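# Architecture at a glance
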Amino acid sequence: MRDAYHEELDSIGDSLIEMARLVGSALGRATTALLDADLALAESVIAADEKINNLHHELENRAIDLLARQQPVATDLRIVVTSLRMSADLERCGDLARHVAKVARLRYPVSAVPGDLHATVLEMGQLAQRLVAKAGLVIATKDVDKALELEQDDDAIDALHRDLFAHLIDDRWQHGIETAVDVTLVGRYYERFADHAVSVAKRVVYLVTGEHVDDFVASSEAAGE
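Described below are features of the structure shown in this document. Source: prediction; values computed, not measured.

Per the stated rule, a full pass over the model turns up 0 aromatic pairs. When the ring centre of Tyr206 is taken as origin, the NZ or CZ atom of Arg78, which lies over that ring, is 6.0 Å away.

Further remarks concern a negative patch on the surface. Together, Asp3, Glu7, Asp10 and Asp14 give the surface a local cluster of negative charge. Relative to the helices and strands, Asp14 resides in helix H1 (residues 2-36).

Tallied over the full model, the rule gives 16 salt bridges. For the salt bridge of Glu43 with Arg105, the shortest nitrogen-to-oxygen distance reads 3.2 Å. Highlighted residues: Glu43 in helix H2 (residues 39-70) and Arg105 in helix H3 (residues 74-107), separated in sequence by 62 residues. Overall, Glu43 belongs to the partly exposed group, its relative accessible area being 34%.

The end-to-end C-alpha distance of H2 is 47 Å, a good match for the 46 Å that 32 residues give at a rise of 1.5 Å each. Of the residues making up H2, those classed as buried are Leu41, Ala42, Val45, Ile46, Asp49, Ile52, Asn53, Leu55, His56, Leu59, Ala63 and Leu66. Of the residues flanking the start of H2, the one acting as N-cap is Asp38, its side-chain oxygen 3.3 Å from the backbone nitrogen of Ala40. Downstream of H2 by a residue or two, Gln71 has a phi angle that is positive, lying close to 45°.

The biggest cluster of nonpolar side chains holds 69 residues, and the ones touching the most others in it are Leu34, Leu90, Val121, Tyr190 and Phe193. At the level of elements, H1, H2, H3, helix H4 (118-141), helix H5 (144-169), helix H6 (176-209) and helix H7 (213-224) are the ones that each hand at least two residues to this core. Not counting chain neighbours up to four residues away, the residues in contact with Val121 comprise Thr31, Leu34, Leu35, Val113, Leu164, Val186 and Tyr190.

The next thing to look at is the side chain of Thr179. Looking at where Thr179 falls in the secondary structure, it is placed in helix H6. The contact partners of Thr179, leaving out residues within four places of it in the chain, are Ala112, Pro114 and Trp173.

Take H5 next. For H5, with 26 residues, the first-to-last C-alpha span of 39 Å sits near the 38 Å given by 1.5 Å per residue. Listed as buried for H5 are Val144, Ala147, Leu150, Asp154, Ile157, Leu160, Leu164 and Leu168. Contact partners of the buried residues in H5: H4, H6 and H7. Its side-chain oxygen placed 3.1 Å from the backbone nitrogen of Asp145, Asp143 serves as the N-cap of H5.

Moving on to unusual backbone geometry. Tyr108 connects to Pro109 through a cis peptide bond whose omega is 15°. With respect to the secondary-structure elements, Pro109 resides in the loop between H3 and H4. Within the chain, Gln71 stands out as a residue other than glycine whose phi angle is a positive 45°. Relative to the helices and strands, Gln71 is located in the loop between H2 and H3. Even without a glycine there, the phi angle at Ala74 is positive, about 50°. You can see Ala74 is positioned in helix H3.

Let's shift gears to the packing of H3 against H6. In helix packing, the relevant descriptors are the interaxial angle and the interaxial distance, both defined with respect to the helix axes. With their axes 9 Å apart at the nearest point, H3 and H6 run at an angle of 165° to one another. Taken together, the axis directions place H3 and H6 in an arrangement best described as roughly antiparallel. Classified by chirality, the crossing of H6 by H3 is left-handed. Tallied by class, the residues present in the contact of H3 with H6 amount to 17 nonpolar, 5 polar and 9 charged.

Rules and cut-offs
Residues numbered from 1 in each chain as written. Predicted model: local features only at pLDDT ≥ 70, side-chain atom pairs only at ≥ 80, totals over all residues. Heavy atoms only, no water. Phe/Tyr/Trp six-rings, centres within 6.5 Å; stacked < 30°, edge-to-face > 60°. Lys NZ or Arg CZ within 6 Å of the ring centre and 35° of its normal. Patch = residues over 30% accessible without salt bridge, like charges linked within 9 Å, V, L, I, M, F, W, Y side chains within 5 Å. Areas by Shrake-Rupley, 256 points an atom, 1.4 Å probe, with all protein chains shown as cover. Salt bridge = Lys/Arg side-chain N within 4 Å of Asp/Glu carboxyl O. Lys, Arg positive; Asp, Glu negative; His and termini not counted. Charge placed at Lys NZ, Arg CZ, Asp CG, Glu CD. Helix = DSSP H or I, 4+ residues; strand = E, 2+ residues; numbered from the N terminus. Buried < 20%, exposed > 50% of the residue type's maximum accessible area, 1.4 Å probe, protein only. Expected span 1.5 Å × (residues − 1). Polar contact = N/O pair within 3.5 Å; in protein donor to acceptor, adjacent residues only side chain to side chain. Core = buried A, V, L, I, M, F, W, Y, C linked by side-chain atoms within 4.5 Å. Contact = heavy atoms within 4.5 Å. Axes fitted to C-alpha atoms, helices over the stretch in contact; angles between N-to-C directions. Parallel < 35°, antiparallel > 145°, perpendicular 65-115°, else oblique. Left-handed = near helix turned anticlockwise from the far one by under 90°. Nonpolar A, V, L, I, M, F, W, Y, C, P; charged D, E, K, R; others polar.

Without other data, these values stay purely geometric and don't point to any function.
Here is the structure:
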C-alpha cells in the first residue's frame, strides 16, 4: 500500500513536469504565430490549451483523493499541497500562452507586433520559455540552488518589458493606438508567464526546505556569517 501511495505522489510530480513542458511549447508556438502572423499555428495553441487544463484538473483530483484517503503529514503533506499550487501556476502559464495566440489570431493576416519590436518580443518569448523549462528541471531534481536562480533570471524579462514600454511612450511611436494596446498586452503576458515560472521554483524551495524563499535565504545567510 505504501509503495502504491508513493507511486501516486511521484505521478503528481511527473504531471507537473509534463505541464511545464507543454506550457513552454505553447508559448514558443504562440510567439511564432504572433510574429509571423501564422493563423493555423495560433489556432493550434488555443486548442491545445485544453490538454493543459485537463492535466491540471486530473492532478487536482488525484491530490485531493490522496489527501482524503492517505491523510499525509509532514513532508508528504507539503508535497501534495505545494503540487496543487504549482499546478495552478502552470495552468495559468498555459492561459497566458493562449492569450498571446489570441492576439495573433485577432490581428491576422498582419503581425500584431511592429517589425522594429520583433527582436524584443522574440527574446521575451525565448527567455520565458527557458524560465519554465528551468522550473520543470527544478521540479524534477528538487535543486534548491537552481530554483533560487530563477528570480535573477526573471530580471532579464523585466528589463525587456521596460524596454517595450519605453517604446510605447516614446514620442516617435508611429504605429497607432490599437498596436500600442496589443504590444502592451503581449508584454504583460510574457512578464506574467515568467512570474508564474518563478513562483513554481519558489514553491519547490518550500517543498524541499519547509521554509519560504525569503526565510530560507535569510537563514542561509545568517548561517554563513
